[in-house]
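# Analysis of the macromolecular model
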Amino acid sequence: MSEYRKFISGIIPPTEKTEPAWWFAFQENKLLVYQQPSSVRLPYLVDFSELGLKALRQNYLGRLDNHHCYAVEMAEGVTPPAGMAFEGLRQVYGCLDEDLFWIAAPAVQIVDWDRTHQFCGQCGTQLRTSTTERAKECPKCGLLHFPRLSPAIIVLVEHGRELLLARSRHFLPGMYSVLAGFVEPGEMLEEAAVREVKEEVGITIKDIHYFGSQPWPFPHSLMIGFTATYAGGEISLDDTEIEDAGWFTVGNLPPIPGKISIARKLIDWFLAKQGNSNIDPKVT
Ligand SMILES: [Zn+2]
């Protein structure tokens, strides 16, 4: 994963709004967009008030190619103007410009954090927004509150020409993917990868190499991807988490995740290595 995005994060908005900006407005984690026949478009306005919609809270996000970006929280029950709708982020992926999509991802997390961090968790005082970092500080006890991030590892395990894929109980019907799990306190990322694979399918792995990372806003994960090779053991399922798991070759792949996910980028990496990057596996 070598592409780096053009977005420059920031917390201090311009003193005056004089040029159009991108507005990421959310109502219950759904993004306000203009609907077009085969795509969606974001509001691009000098000020959000031009839409005539009442915003509860607003956060400055930063700049994309020198265009300012803002996140807005809408009240429940606000009706979108004609031609606009609130859409889930998974639904707009592929329909919205990809650079803008990957700003929408932190935008929804910041809106959620702002809404749920109005008061200090230690002393109950109303928090104020820090002017030096993406944080809120308590004016009474000084406690800092940062947006929550939950690191999770995701690991592709290969064994010769085979690839380990598993079905979690909460996946879409029929879909298989590589294994993933949250990192526990005190754990190195590689240790988390070894533990997850052992816990979920009973096998041991070796040659663990960093692959890349991806923010995953459902709701606030940071996925850290690894590749690994099989070291030993037989597949034995953790029934509470995993419904099925097995070794698959390029020729017998089950339905796999869509291109939005790092899971798919890992699987595509394996397919390319097998010399089959031009096949089009079933996608859910
Ligand atoms: Zn406090």
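For the structure itself, consult the block above.
Just so we're clear, the structure is a prediction, and the values are computed from it rather than from any experiment. (Residues numbered from 1 in each chain as written. Predicted model: local features only at pLDDT ≥ 70, side-chain atom pairs only at ≥ 80, totals over all residues. Heavy atoms only, no water.)

### Re the sheet that holds strand β10 (residues 136-137)
Pairing is antiparallel across the open sheet formed by 3 strands, whose spatial order is β9-β10-β11. The sheet is open, and its two edges are formed by β9 (128-129) and β11 (144-145), each paired on a single side. Direction of pairing for β10 relative to β11: antiparallel, over a ladder of 2 bridges. Along β11, the bridge assignment pairs Lys136 with His145. (Pairing = 2+ DSSP bridges. Helix = DSSP H or I, 4+ residues; strand = E, 2+ residues; numbered from the N terminus.)

### A few points about the side chain of Glu196
Relative to the helices and strands, Glu196 is located in helix α3 (residues 189-201). Residue contacts for Glu196: discarding those within four places in its chain leaves Ile153, Ala180, Gly181 and Phe182. (Contact = heavy atoms within 4.5 Å.)

### Observations concerning α3
Across its 13 residues, α3 extends 18 Å between first and last C-alpha, which sits within 8% of the 18 Å expected from 1.5 Å per residue. Along α3, the positions that sit buried rather than exposed are Ala192, Ala193, Arg195, Glu196, Val197, Glu200 and Val201. Of the surrounding secondary structure, the elements contacted by the buried residues of α3 are β12 (150-159), β13 (162-168), β14 (179-182), β15 (204-216) and β17 (242-248). Residue Gly202 follows α3 closely and has a positive phi angle near 80°. (Expected span 1.5 Å × (residues − 1). Buried < 20%, exposed > 50% of the residue type's maximum accessible area, 1.4 Å probe, protein only.)

### Description of the coordination of the zinc ion
For the zinc ion, the full set of protein donor atoms is Cys120 (SG), Cys123 (SG), Cys138 (SG) and Cys141 (SG), and the range of their distances to it is 2.3 to 2.4 Å. Taken together, the 4 donor atoms coordinating the zinc ion and their angles of 99 to 121° define a geometry best described as tetrahedral. Here the donor residues of the zinc ion share one chain and are spaced in sequence as C-x2-C-x14-C-x2-C. Of this pair, Cys123 sits in the loop between α2 (98-116) and β9 while Cys141 sits in the loop between β10 and β11, and the two are 18 residues apart along the sequence. (Donors = N, O, S within 2.8 Å, 3.2 Å for Na, K, Ca; no water. Tetrahedral: all angles 85-135°; square planar, octahedral: opposite > 155°, others 65-115°.)

### Here's the deal with the environment of Leu100
Residue position: Leu100 is located in helix α2. Here Leu100 falls in the buried class, since its relative accessible area comes to 5%. Through-space distance from the C-alpha of Leu100 to that of Phe7 is 8.8 Å; in sequence the pair is 93 residues apart. Every residue in contact with Leu100, bar those within four places of it in the chain, is listed here: Trp22, Phe24, Leu42 and Leu64.

### Focus: the pattern of salt bridges
Applying the stated criterion to the full structure yields 17 salt bridges. A salt bridge links Arg128 to Glu137; the shortest N-O distance between them is 3.5 Å. Salt-bridge contacts for Lys273 lead to Glu158; the nearest nitrogen and oxygen are separated by 2.8 Å. In this pair, Lys273 is assigned in helix α4 (residues 262-273) and Glu158 in strand β12, connecting sequence segments 115 residues apart. Among the charged side chains, a salt-bridge network with shared partners connects Glu184, Glu187, Arg195, Glu196 and Glu199. (Salt bridge = Lys/Arg side-chain N within 4 Å of Asp/Glu carboxyl O.)

### Let's talk about unusual backbone geometry
One non-glycine residue, Glu28, lies in positive phi territory at about 50°. Position of Glu28 relative to the elements: it lies in the loop between β2 (21-27) and β3 (30-35). Looking at Glu28, the relative accessible area reads 56%, which means it is exposed. Despite not being glycine, Asp65 shows a phi value in the positive range, around 50°. Tracing the backbone shows Asp65 in the loop between β6 (55-64) and β7 (67-74). A residue is classified by how much of its surface remains accessible, and Asp65, at 44% relative accessible area, is partly exposed.

### Quick notes on the packing of aromatic side chains
This model, assessed by the stated rule, comprises 10 aromatic pairs. Their ring planes at 10° and their centres at 4.4 Å tell us that Trp23 and Tyr70 sit as a pair that is stacked. Pair noted here: Trp23 is in strand β2 and Tyr70 is in strand β7, with a separation of 47 residues, a long-range link. In this structure, Trp23 and Tyr70 share a single accessibility class: buried. Measuring from ring centre to ring centre gives 6.3 Å for Phe211 and Trp269, while their planes differ by 75°; the resulting arrangement is edge-to-face. With Phe211 in strand β15 and Trp269 in helix α4, the pair connects residues that are 58 residues apart, well separated along the chain. (Phe/Tyr/Trp six-rings, centres within 6.5 Å; stacked < 30°, edge-to-face > 60°.)

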